[in-house]
Amino acid sequence: MSADALLAARGVAKSYGSVLALRSADLTVGHGESHALLGANGAGKSTFVKTLTGVIRRDRGTVTLDGAPVDLRTPAAGYAQGIAAVFQDPALIPDLTVRHNLRLTATDAAVVEEHLARLEIGGLDLGERVRDIPLPFLRMLDLARALAHRPKLLILDEITAALPADLSEKVFTVMAEQTRGGGSVLFISHRLEEVIEHCDMCTVFRDGGDVARFAPKEGREKRIVQSMLGEQM
Ligand code: ATP
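This one's a predicted model, so the numbers in the text were calculated from it and none came from an experiment. (Residues numbered from 1 in each chain as written. Predicted model: local features only at pLDDT ≥ 70, side-chain atom pairs only at ≥ 80, totals over all residues. Heavy atoms only, no water.)

Draft legend 1. Here's a closer look at the site of the ligand. Contacts to the ligand come from 14 residues, most closely from Gly42, Gly44, Lys45, Ser46 and Thr47. Contacts to the ligand include Asn41, whose side-chain N or O atom sits 3.2 Å from an oxygen atom. A distance of 2.8 Å separates an oxygen atom of the ligand from a polar atom in the side chain of Lys45. For the ligand, whose accessible area on its own is 640 Å², the fraction buried by protein is 62%. Counting only elements with at least two residues in the shell around the ligand, the list comes to β2 (19–29) and α1 (45–53). Top element by residues in the shell around the ligand is α1. It accounts for 3 residues. (Near = heavy atom within 4 Å. Polar contact = N/O pair within 3.5 Å; in protein donor to acceptor, adjacent residues only side chain to side chain. Areas by Shrake-Rupley, 256 points an atom, 1.4 Å probe, with all protein chains shown as cover. Helix = DSSP H or I, 4+ residues; strand = E, 2+ residues; numbered from the N terminus.)

Draft legend 2. Spatial organisation of the pattern of salt bridges. Within this structure, the stated rule accounts for 8 salt bridges. One salt bridge connects Lys152 with Asp66, and the closest N-O pair in it is separated by 3.2 Å. Of this pair, Lys152 sits in the loop between α5 (135–148) and β7 (153–157) while Asp66 sits in the loop between β4 (60–65) and β5 (68–69), and the two are 86 residues apart along the sequence. A salt bridge links Asp142 to Arg145; the shortest N-O distance between them is 2.8 Å. Of this pair, Asp142 and Arg145 both sit in helix α5, 3 residues apart, roughly one helical turn. Note on Asp142: relative accessible area 2%, which makes it buried. (Salt bridge = Lys/Arg side-chain N within 4 Å of Asp/Glu carboxyl O. Buried < 20%, exposed > 50% of the residue type's maximum accessible area, 1.4 Å probe, protein only.)

Draft legend 3. View of the layout of surface pockets. Estimates place the volume of the largest pocket at around 280 Å³. Lining the largest pocket, in full, are Val111, His115, Arg118, Leu147, Ala148, Arg150, Pro151, Val174, Glu177, Gln178, Gly181 and Gly183. Where the lining of the largest pocket is concerned, the elements lending two or more residues are α4 (109–118), α5 and α6 (165–180). Looking at side-chain class alone, the lining of the largest pocket contains 5 nonpolar, 4 polar and 3 charged residues. Roughly 180 Å³ of internal volume is contained in the second largest pocket. Lining of the second largest pocket is provided by Thr53, Pro75, Ala76, Tyr79, Ile83, Ala84, Ala85, Phe87, Ala91, Thr105, Asp142 and Arg145. Among the elements of the structure, α2 (75–81), β6 (83–86) and α5 are those that each provide at least two residues to the lining of the second largest pocket. By residue class, the composition of the lining of the second largest pocket is 8 nonpolar, 2 polar and 2 charged. (1 Å grid on protein atoms, 1.4 Å probe; cavity = no way out; pocket = protein on both sides within 12 Å on 5 of 7 lines; lining within 4 Å. Points joined across faces, edges and corners; volume = space filled by probe spheres on them. Nonpolar A, V, L, I, M, F, W, Y, C, P; charged D, E, K, R; others polar.)

Draft legend 4. Up close: the pairing of β2. For strand β1 (residues 7–16) and β2, the ladder comprises 7 bridges, and the chain directions are antiparallel. Bridge pairing in β2 places Ala9 opposite Leu27. Hairpin connection between β1 and β2: a loop of 2 residues separates the two successive antiparallel strands, and Gly17 in this loop has a positive phi of roughly 60°. (Pairing = 2+ DSSP bridges.)

Draft legend 5. Here's a closer look at α4. For α4, the complete set of buried residues consists of Ala109, Val112, His115 and Leu116. Seen along its axis, α4 keeps its buried residues to an arc of 120°; they face one direction. Relative to its buried face, α4 has exposed residues pointing more than 90 degrees away, namely Glu114 and Ala117. Residues of α4 that are buried sit in contact with α3 (98–104) and α5. For α4, the capping residue at the N-terminal end is Asp108, with a side-chain oxygen 3.0 Å from the backbone nitrogen of Ala110. (Arc of directions from axis to C-beta. Contact = heavy atoms within 4.5 Å.)

Geometric values such as these leave the question of function open.
This is the structure:
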């Protein structure tokens, strides 16, 4: 499986000072796969994706993308290697305009506008300051920015938590397009019904490590919750 995986992470560990956020986490994502990363609050999901994208550096472990080692120092390096993410906290500087933010990450504003138009996200002016734009639109903007880099792996960290149902549906459309095109998605959400409906596989993290991997449609909610809690129900 891992020989032809898109993403293979092994033994990823990270501490913040005395806080051990990830003790040893493995994750394998196949080509064309929509893969959910699940776990209770504090399980280490966001830390893991931050290590994948170059926002923070891992202490230990190996990561490969399409067989090539991934050891990123910045999100821009992630774009170049084929990884782009929408983070839980909008990764946009509030006092700058959207256009200036895009320039800072070497993102083609015209391509971002094309994606927004394609997704029918109207009324977003790239000349506006980020602080004046409602959160749901910022998430969609972040998504369009990630897509503009044509990632092999698109990481979505709780993107739907801040979205109304109609915008969440657009995210699911993007996920389906990404996997149909041979790319992959790593999807984090606490909404299990979204995971069961839109993801082919899931990995469950608990206490900073991976504890289960299965197809969520087969496990359904009971198995997901059991794995998250580490309990028989
Ligand atoms: P959530 O679902 O709430 O987003 P998570 O699974 O994404 O949780 P992380 O945010 O990765 O978990 O947190 C893992 C652990 O690391 C937690 O104990 C958290 O308090 C701690 N942690 C996260 N970020 C920092 C930080 N910047 N400094 C210190 N500790 C941190």
